[in-house]
Amino acid sequence: MSEQAGDQASDPPGNGRVALVTGGSGGIGRATAVALGQGGHRVAVGYRRDRESAEKTAAEIDGLAVELDVSDPDAVDAGFTRVEEALGPVEILVNNAGITADGLILRMTDDQWRDVLSTNLDGAFRSTRRAGATMLRRRFGRIVNVGSVVGSTGAPGQANYAAAKAGLIGLTRSVARELASRGVTCNLVAPGPIATAMTDALSEKRLGEIVGVVPFGRMGTAEEVAEVIAFLCSDAASYVTGAVVPVDGGMSMGH
């Protein structure tokens, strides 16, 4: 592991930055951690429960697995402190942690609503707030929020999830405006249907319905989303901020 960085950036831009990926133990988070690690960054893989998968991912890229429950403000602070002590200040933050608790609106409980908002939206706010102060001092930062196509289109049975992902758009653009003068960018990637363990559990009929509304006629991969995220974290994207970038095979065109 590299020594802890000081308040002033010592690495050449884009080379060996400290990155934290929340929800990094599987799916898009795992693919993103791998992409950033292969790009030369020092990556912390955040996890809530699946420590084994997070450690496996971290080992693959010589990174760090760190317990980080974004729904708990104290846990966020503790997780960031662990990363800072082991790798240095977080310069790249990917807010990927998210959960689902689906249910039709008339049957959705307050707990279902609160749990999803607390993790998917509040968690991104907490992590961004924690990382932002250091980014401002160093006059460099890359923040990427992982949204969803349903943040624009809505989805039956996912009022809580869609509301959280729509909220991330407002958060992204507000942070982008606040921090741009200090060299910090904030963007959002909005994936469409992506092949993950979650979609593997769907019936063939349901998968067919989903793919049927995608112009490309197929599911995307976690790696395809990760490559876009990695670009937004790079120096090549230094003039891109406040953007909502769909990675959905054309599914959201017109929204």
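Residues numbered from 1 in each chain as written. Predicted model: local features only at pLDDT ≥ 70, side-chain atom pairs only at ≥ 80, totals over all residues. Heavy atoms only, no water.

*Asks:* Quick question: what am I supposed to make of the confidence of the model for the protein chain here?
*Replies:* Detail in the predicted coordinates should be disregarded across regions flagged by low pLDDT. Looking at the protein chain as a whole, the pLDDT averages 93, with 94% of positions reaching at least 70. Confidence drops under a pLDDT of 50 for residues 1-14, and excluding neighbours within four residues, the segment shows 35 contacts in the predicted structure. (pLDDT = per-residue confidence, 0-100. Contact = heavy atoms within 4.5 Å.)

*Asks:* When you look at helix α4 (residues 110-138) in this model, what are you seeing that I'm missing?
*Replies:* Each full turn of the α-helix corresponds to 3.6 residues, which orients residues three or four apart in the same direction. Between its first and last C-alpha atoms α4 spans 40 Å; for 29 residues at 1.5 Å apiece the expected length is 42 Å, and the two agree. In the segment just after α4, R139 is the residue with positive phi, at about 55°. (Helix = DSSP H or I, 4+ residues; strand = E, 2+ residues; numbered from the N terminus. Expected span 1.5 Å × (residues − 1).)

*Asks:* So what exactly am I meant to see when it comes to unusual backbone geometry here?
*Replies:* Excluding glycine, residues mostly have negative phi values, and the peptide bonds linking residues are mostly trans. Not every positive phi belongs to a glycine, and D62 is a case in point at roughly 55°. For D62, the location among the structural elements is in the loop between α2 (51-60) and β3 (64-67). Phi at R139 takes a positive value of approximately 55°, unusual for a residue other than glycine. Following the sequence through the fold, R139 ends up in the loop between α4 and β5 (141-146).

*Asks:* Can you help me understand the packing of aromatic side chains in this one?
*Replies:* One pair of aromatic rings is described through two measures. These are the centre distance and the angle between the planes. Taken as a whole, this structure holds 0 aromatic pairs when the rule is applied. Positioned over the ring face of F140 is R17, at 3.8 Å from the centre of the ring. Directly above the aromatic system of F216 lies the positively charged group of R218, at a separation of 6.0 Å from the ring centroid. (Phe/Tyr/Trp six-rings, centres within 6.5 Å; stacked < 30°, edge-to-face > 60°. Lys NZ or Arg CZ within 6 Å of the ring centre and 35° of its normal.)

*Asks:* Help me understand the side chain of T22, please; the structure alone is not making it clear to me.
*Replies:* Take T22: it is sitting in the loop between β1 (18-21) and α1 (27-38). T22 gets classed as buried once you look at its relative accessible area, which sits at 2%. Of note is the side chain of T22, whose polar atom sits 2.9 Å from the backbone nitrogen of N96. Here A97 takes part through its backbone nitrogen, which lies 3.0 Å from a polar atom of the side chain of T22. (Buried < 20%, exposed > 50% of the residue type's maximum accessible area, 1.4 Å probe, protein only. Polar contact = N/O pair within 3.5 Å; in protein donor to acceptor, adjacent residues only side chain to side chain.)

*Asks:* Hey, could you run me through the nonpolar core in this one?
*Replies:* Here is a general trend for soluble globular proteins: nonpolar side chains tend to be buried in one another's company. Formed by 38 residues in total, the largest nonpolar core has its most connected members in L20, F80, V83, L87, L93 and I143. For this core, the secondary structure elements donating two or more residues are β1, β3, α3 (73-86), α4, α6 (159-179) and β6 (184-191). Top contributing element to this core by residue count: α6, with 9 residues. Beyond its immediate chain neighbours, meaning those up to four positions away, V83 contacts V18, L20, A44, L64, V66, G88 and V90. Ranked by size, the runner-up nonpolar core spans 29 residues in total, among them V45, Y47, V189 and C233. (Core = buried A, V, L, I, M, F, W, Y, C linked by side-chain atoms within 4.5 Å.)

*Asks:* Please clarify how the sheet that holds β6 should be interpreted in this entry.
*Replies:* Two orientations exist for strands paired in a sheet by backbone hydrogen bonds: parallel and antiparallel. Taken together, the 7 strands give an open sheet; going across it, the order is β3-β2-β1-β4-β5-β6-β9, and neighbouring strands pair in parallel fashion. What marks the edges here is a single partner per strand, and that holds for β3 and β9 (244-247). On average, each strand axis in the sheet is inclined to that of its neighbour by 20°, with strand direction left out of account. Sheet topology places β1 next to strand β4 (residues 92-95); 3 bridges connect them, and they run parallel. The residue of β4 that forms the bridge with V21 is V94. Docked against the sheet, α3 engages β1, β2 (42-47), β3 and β4, running at close to 155° with respect to β3. Set on the sheet, α6 makes contact with β5, β6 and β9; between it and β6 the angle comes to about 160°. (Pairing = 2+ DSSP bridges. Axes fitted to C-alpha atoms, helices over the stretch in contact; angles between N-to-C directions.)

*Asks:* How should I be thinking about the pattern of salt bridges in this particular structure?
*Replies:* Pairs may arise between side chains of opposite charge once their charged atoms sit close together. Scanning the model with the defined rule gives 13 salt bridges in all. Between D77 and R130 there is a salt bridge, with the nearest N and O atoms lying 2.8 Å from each other. Here R130 lies in helix α4 and D77 lies in helix α3, a separation of 53 residues in the sequence. In this structure D77 comes out as partly exposed when scored by relative accessible area, which is 39%. In the salt-bridge network here, residues are joined through shared partners; they are R17, E91 and R138. (Salt bridge = Lys/Arg side-chain N within 4 Å of Asp/Glu carboxyl O.)

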